[in-house]
Amino acid sequence: MRIGVDLGGTKIEAVALGEGGEVLLRRRVPTPRSDYQAIVRALADLVLAIEAELGERGSVGVGSPGAASLKTGAMKNSNTTCINGRTLQVDLSAQLSREVRLANDANCFALSEAIDGSAADASAVFGVIIGTGVGGGLVVNKQLLVGGNAIAGEWGHNPMPGAAEGRRCYCGRCDCIETYLCGAGLLASSQRVGGRAASAEQLVALADSGDACASEVLENYCRALARALALVINIVDPEVIVLGGGLSNIPLLYRRVPELWEQWVFSDECRSRLLPARYGDSSGVRGAAWLW
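All values reported here derive from a predicted model rather than from experimental measurement.

K.L.:
Break down the overall build of the protein chain for me, citing the residues and quoting the values.
P.N.:
Each helix and strand counted, the protein chain has nine helices and 12 strands in total. Its C-alpha atoms give the protein chain a radius of gyration of 19 Å, within 12% of the compact-globule value 19 Å for 292 residues. By the burial criterion, 53% of the 292 residues in the protein chain qualify as buried. Residue pairs at least 24 apart in sequence account for 60% of intrachain contacts in the protein chain once pairs closer than 6 positions are excluded. For the protein chain, the accessible area works out to roughly 13000 Å², and carbon and sulfur atoms hold 50% of it. Here the protein chain holds 27 positive side-chain charges and 31 negative ones, and the gap between their average locations is 4 Å.

K.L.:
Any details on helix H3 (residues 105-116)? Residues and values, ideally.
P.N.:
With 12 residues, H3 ought to run about 16 Å at 1.5 Å a step, and its terminal C-alpha atoms sit 17 Å apart, in line with that. Across the 12 residues that make up H3, a large majority, 10, are buried. When we look at burial in H3, the residues that qualify are Ala106, Asn107, Cys108, Phe109, Ala110, Leu111, Ser112, Glu113, Ala114 and Asp116. The N-cap residue of H3 is Asn104: its side-chain oxygen and the backbone nitrogen of Ala106 are 2.8 Å apart.

K.L.:
Run through the pairing of strand E12 (residues 273-276), naming residues and quoting values.
P.N.:
Pairing of strand E11 (residues 240-244) with E12 involves four bridges; the strand directions are parallel. Its bridge partner lying in E12, Val240 is registered against Arg273. One crossover worth recording links E11 to the parallel E12 by way of helix H8 (residues 252-261), and it is right-handed.

What counts and what doesn't
- Residues numbered from 1 in each chain as written.
- Predicted model: local features only at pLDDT ≥ 70, side-chain atom pairs only at ≥ 80, totals over all residues.
- Heavy atoms only, no water.
- Helix = DSSP H or I, 4+ residues; strand = E, 2+ residues; numbered from the N terminus.
- Rg over C-alpha atoms; globule rule 2.2 N^0.38 Å.
- Buried < 20%, exposed > 50% of the residue type's maximum accessible area, 1.4 Å probe, protein only.
- Contact = heavy atoms within 4.5 Å.
- Areas by Shrake-Rupley, 256 points an atom, 1.4 Å probe, with all protein chains shown as cover.
- Lys, Arg positive; Asp, Glu negative; His and termini not counted.
- Charge placed at Lys NZ, Arg CZ, Asp CG, Glu CD.
- Expected span 1.5 Å × (residues − 1).
- Polar contact = N/O pair within 3.5 Å; in protein donor to acceptor, adjacent residues only side chain to side chain.
- Pairing = 2+ DSSP bridges.
- Right-handed = clockwise from strand over helix to strand, strands pointing away.

Spatial relationships are all this shows, so hold off on functional conclusions.
Written out as structure tokens, the structure reads:
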């Protein structure tokens, strides 16, 4: 039995998978955002509760925002800021008295979709999360690529090609891809041109009803996403790019972005496929389980 735990900003979700990837049990609890010790206890309690209910001990994998530093073992780059500088993997392993594997949540998402999700037939897969933040993970031949600095796939904190608006990112830089492609970035782009949408869903509804401003904002968003993904294609050349996160539910992306990225991809044609995640919001927690 494999147990995966996904540490999110508002909830912690855990799932137990059988040998064939079937879900045996699923549980979720609210995330105690500002209390590190409470987060460690919540993670451990979920694992122990699942094992008690199923009567079996399992391997444990955790998907978390940010990554563990190769230098210190402490967490870094997490927007759940109370875990930064803390040795989450070591502390949870001690709490559970066993080895725990930990990976970035976007890496877990990519691994899930590469193993038995939308990209199961591909050898090179780039998994993208576009929602509250922007993240990515790279899987080659069903193996997660972590990288020499444990930042493989972190395309969201590269500069957005062609942008010079000076948008500040939480990482301290300006005009990161994330500041344009995350949910707040999409709404900021709408507000800059006088848009009246208060959410991505409302923006899509307005565009579908013929609102010219909303349609223009979505077209510009598709263009920005296409330019950012063209960088990935030119460097990694994945067969499949899988989208997850709240903004991945915009149907227009899957038609328009591949049409647009052709002009920036360094090839006479682009055969990379852009697909929605098979497991949706559950991909991260499933990928955490597949770390074993």
